[in-house]
Amino acid sequence: MNADVSRYGVLGQPIAHSKSPRIHAAFAASLNQKLLYEAYEIAPDELAPSLARFHADAWAGFNLTVPHKQAGFALSETRSDAAVAAGAVNTLIRTATGWHGDNTDGAGLVRDLVANLGVAIAGKRVLVLGAGGAARGILAPLLAEQPAIVAISNRNPWKPEEIAAALKPLGNIVPRTHLSLKGDQYDLVLNATSAGHKGEVPRLPPGLFAPGATAYDLNYGPASRPFLDWAAAQGASRLSDGLGMLVEQAAEAFQRWRGVRPETSAVLADLRG
Ligand code: ATR
């Protein structure tokens, strides 16, 4: 292997269908940069020894995906504000002594909504469904856009209470239960649950979408269909899956590693094609 070429990778389980190697290869080619980016299937109990080995072998950075984002946070020697707000890490940057943990998921989502889709967040009513790692990763960057309100609702009603209390200093975030959403209306509804992977939709009251509202699923492909189909039937005006977020979080990670943000539209169009 050419030691002059910086090496990066994505660690997850499962990892076979990850689009990240293709995305980062396209970014590198578009900027005429030489780098290696590979996907590795790593079991949870292998994460710590693997990261130690990769560090000793002078690897430059990693993306972490399911199920490693929380463990990656714990294994990071230093952490960005975004990582701390999320309690999770999706990007590791090599330092002399260990790994710096960052989280680009929320920045990627906001970029996809505002820059790619033209969906305003400032002053709008936003509903986040779910209270797991995916939801936690996006809340601080959403609040930074100064929406009128961010409601967070989850099947297990206790988690939103905890999350909203912790993030209260960042903006107007309120906990809800799926049931107590009855009568509310939102301009943007974000599905950050994993229900779609089982072909399911959170059990929500009707009438949540305000006129002109957008429904966005953080998942992409078949896992996004149940929620987006439900949202269409509920009268949501605009629908989007999370493929743009995937590409934008990758671009944010690339920028942290390489100091330059790649252009994303061609890669996104290619993936959609
Ligand atoms: P992730 O890292 O993808 O967020 P997670 O931490 O396991 O994964 O969280 C999954 C989220 O999807 C949780 O908010 C979960 O709700 P609970 O906290 O009540 O378990 C939510 N979820 C999963 N399946 C669901 C379903 N069928 N209906 C509604 N919510 C569901």
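In short, a report on the structure. (Residues numbered from 1 in each chain as written. Predicted model: local features only at pLDDT ≥ 70, side-chain atom pairs only at ≥ 80, totals over all residues. Heavy atoms only, no water.)

### Some thoughts on the sheet that holds strand β11 (residues 209–217)
Piece 1. The strand order across the open sheet formed by six strands is β9-β8-β7-β10-β11-β12, and the pairing between neighbours is parallel. Looking at the sheet topology across the chains shown, the edges are occupied by β9 (173–177) and β12 (238–240). Sheet twist, expressed as the average angle between the axes of neighbouring strands with direction ignored, equals 20°.
Piece 2. Relative to β12, β11 runs parallel, the two being bridged by three bridges. Residue pairing for β12: Thr214 is matched across the bridge by Arg238.
Piece 3. Lying on the sheet, helix α7 (residues 158–167) is in contact with β8 (149–154) and β9; it crosses β9 at an angle near 175°. (Pairing = 2+ DSSP bridges. Helix = DSSP H or I, 4+ residues; strand = E, 2+ residues; numbered from the N terminus. Axes fitted to C-alpha atoms, helices over the stretch in contact; angles between N-to-C directions. Contact = heavy atoms within 4.5 Å.)

### Let's talk about the packing of aromatic side chains
Piece 1. All told, the structure shown has 11 aromatic pairs when counted by the stated rule.
Piece 2. With centroids separated by 6.2 Å and ring planes inclined at 50°, the aromatic side chains of Tyr37 and Trp257 adopt a geometry described as tilted. In this pair, Tyr37 sits in strand β2 (residues 35–41) while Trp257 sits in helix α9 (residues 243–258), placing the two residues 220 residues apart along the sequence.
Piece 3. Its relative accessible area of 9% is what places Tyr37 among the buried residues.
Piece 4. Relative to Phe54, the ring of Tyr40 lies with its centre 5.5 Å away and its plane at 55°, an arrangement referred to as tilted. (Phe/Tyr/Trp six-rings, centres within 6.5 Å; stacked < 30°, edge-to-face > 60°. Buried < 20%, exposed > 50% of the residue type's maximum accessible area, 1.4 Å probe, protein only.)

### Quick word on the pairing of strand β1 (residues 6–12)
Piece 1. The element β1 is extensively covered by neighbouring structure, given that six of its seven residues are classed as buried.
Piece 2. Looking at chain direction, β1 and β2 are connected through seven bridges and run parallel. Bridge assignment links Val10 to a residue of β2, and that residue is Ala39.
Piece 3. For the segment spanning β1, helix α1 (residues 20–30) and β2, crossover handedness is right-handed.
Piece 4. Relative to strand β3 (residues 61–64), β1 is paired through four bridges, and the arrangement is parallel. In the sheet register, Gly9 faces β3, and the bridge partner there is Phe62. (Right-handed = clockwise from strand over helix to strand, strands pointing away.)

### Some details on the nonpolar core
Piece 1. Counting 25 residues, the largest nonpolar core has Val128, Leu142 and Leu190 as its most contacted members.
Piece 2. Going through the elements one at a time, α5 (105–116), β7 (125–129), α6 (133–144), β8, α7 and β10 (186–191) are the ones with two or more residues in this core.
Piece 3. Counting residues in hydrophobic clusters, the runner-up holds 21 residues, among them Tyr37, Trp257, Leu268 and Leu271. (Core = buried A, V, L, I, M, F, W, Y, C linked by side-chain atoms within 4.5 Å.)

### Remarks on the packing of α1 against α9
Piece 1. α9 packs onto α1 with a crossing angle of 55° between their chain directions and a minimal axis gap of 10 Å. When the interaxial angle is binned, α1 and α9 end up oblique. When you trace α1 past α9, the crossing you get is right-handed. Between α1, through Ile23, His24, Phe27 and Ala28, and α9, the contact on the second element is made entirely by Leu246, Val247, Ala250, Ala251, Phe254 and Trp257.
Piece 2. In the contact of α1 with α9, the residues fall into nine nonpolar, one polar and no charged. (Parallel < 35°, antiparallel > 145°, perpendicular 65-115°, else oblique. Left-handed = near helix turned anticlockwise from the far one by under 90°. Nonpolar A, V, L, I, M, F, W, Y, C, P; charged D, E, K, R; others polar.)

### Some details on the pairing of β11
Piece 1. Judged by how many residues are buried, β11 sits mostly within the fold: seven of nine residues are covered.
Piece 2. In this view, the connection linking β11 to its parallel neighbour β12 by way of helix α8 (residues 225–233) has right-handed handedness.

### A closer look at helix α10 (residues 265–272)
Each α-helix winds once per 3.6 residues, and so residues spaced three or four apart point in a common direction.
Piece 1. Buried residues of α10: Val267, Leu268 and Leu271, and no others. Across the axial projection of α10, the buried residues extend over an arc of 100°, all falling on one side.
Piece 2. On its buried face, α10 is in contact with α1, α5 and α9. (Arc of directions from axis to C-beta.)

### With respect to the site of the ligand
Piece 1. In the neighbourhood of the ligand, 15 residues make up the surrounding shell, with Asn154, Arg155, Asn156, Lys159 and Glu200 lying closest.
Piece 2. Arg155 has a polar side-chain atom sitting 2.8 Å from an oxygen atom of the ligand.
Piece 3. At 2.8 Å from an oxygen atom of the ligand is found a main-chain nitrogen or oxygen belonging to Asn156.
Piece 4. Relative to its free-state accessible area of 640 Å², the ligand is covered by the protein chains to the extent of 74%. (Near = heavy atom within 4 Å. Polar contact = N/O pair within 3.5 Å; in protein donor to acceptor, adjacent residues only side chain to side chain. Areas by Shrake-Rupley, 256 points an atom, 1.4 Å probe, with all protein chains shown as cover.)

### Concerning the pattern of salt bridges
Piece 1. Enumeration according to the criterion identifies 11 salt bridges in this entry.
Piece 2. Its salt-bridge partner being Arg22, residue Asp270 comes within 3.4 Å of it at the nearest N-O pair. Here the residue Asp270 occupies a position in helix α10, and Arg22 occupies one in helix α1, the gap between them amounting to 248 residues.
Piece 3. What makes Asp270 partly exposed here is its relative accessible area of 47%.
Piece 4. Measuring nitrogen to oxygen at the nearest pair gives 3.2 Å for the salt bridge that ties Asp241 to Arg272. Here Asp241, found in the loop between β12 and α9, pairs with Arg272, found in helix α10; they are 31 residues apart in sequence, far enough to count as distant.
Piece 5. For Asp241, a relative accessible area of 15% translates into the label buried.
Piece 6. Accessibility expressed as a relative area gives 45% for Arg272, which makes it partly exposed.
Piece 7. Residues participating in the shared-partner salt-bridge network are Asp102, Arg111, Glu248, Glu252, Arg256 and Arg261. (Salt bridge = Lys/Arg side-chain N within 4 Å of Asp/Glu carboxyl O.)

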